[in-house]
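# Descriptive structure summary
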Amino acid sequence: MKPKEDKNDDNQEAKKVFTGHFVIKEKKKTGLHEEIVKYKECRKNHAANLGRYAVDGCCEFMPAGEEGSAAALSCHACSCHRNFHKRETEIELHLHFSIS
């Protein structure tokens, strides 16, 4: 499966990097920086109605469906929405200097 590239009107470029069926990270390039987003372990509290804290142990978000579908926002491993997974964002700056 090849990575899919989406180009927006504002010269923004978003890339999703795949390994087999699962999304590893999402890249978004805007101007002088590139934002890399990764979804890690699930933080949904399954014991909230009991006044306690318990997670299911899902270590990484894996989409349940193809990219662009509603199922792609649900985790295949734990059936939670992507928003319950820890989001890690890295920003890479791309600066160009010229010395005259």
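Quantities reported herein were computed from a predicted structural model and do not represent experimental measurements. (Residues numbered from 1 in each chain as written. Predicted model: local features only at pLDDT ≥ 70, side-chain atom pairs only at ≥ 80, totals over all residues. Heavy atoms only, no water.)

### Some words on the confidence of the model for the protein
When pLDDT is averaged across the protein, the result is 77; 72% of the residues are at 70 or more. Contacts of residues 18-24 to residues separated by more than four positions or lying in other chains number 19 contacts, the stretch itself having pLDDT below 50. (pLDDT = per-residue confidence, 0-100. Contact = heavy atoms within 4.5 Å.)

### Brief notes about the pattern of salt bridges
Summed over all chains, the structure comprises four salt bridges. A salt bridge links Glu35 to Arg87; the shortest N-O distance between them is 3.8 Å. Linking Glu35 in strand β4 (residues 33-42) with Arg87 in strand β5 (residues 85-93), this pair joins segments that are 52 residues apart in sequence. The class for Arg87 is partly exposed, based on a relative accessible area of 48%. Measuring nitrogen to oxygen at the nearest pair gives 3.7 Å for the salt bridge that ties Glu88 to Lys86. For Glu88, a relative accessible area of 28% gives the class partly exposed. In this structure Lys86 comes out as partly exposed when scored by relative accessible area, which is 27%. One salt-bridge network, in which partners are shared between bridges, spans Glu41, Lys86 and Glu88. (Salt bridge = Lys/Arg side-chain N within 4 Å of Asp/Glu carboxyl O. Helix = DSSP H or I, 4+ residues; strand = E, 2+ residues; numbered from the N terminus. Buried < 20%, exposed > 50% of the residue type's maximum accessible area, 1.4 Å probe, protein only.)

### Some thoughts on the packing of aromatic side chains
Scanning the model with the defined rule gives one aromatic pair in all. The ring of Phe84 carries the charged tip of Lys44 above its face, separated from the ring centre by 5.2 Å. (Phe/Tyr/Trp six-rings, centres within 6.5 Å; stacked < 30°, edge-to-face > 60°. Lys NZ or Arg CZ within 6 Å of the ring centre and 35° of its normal.)

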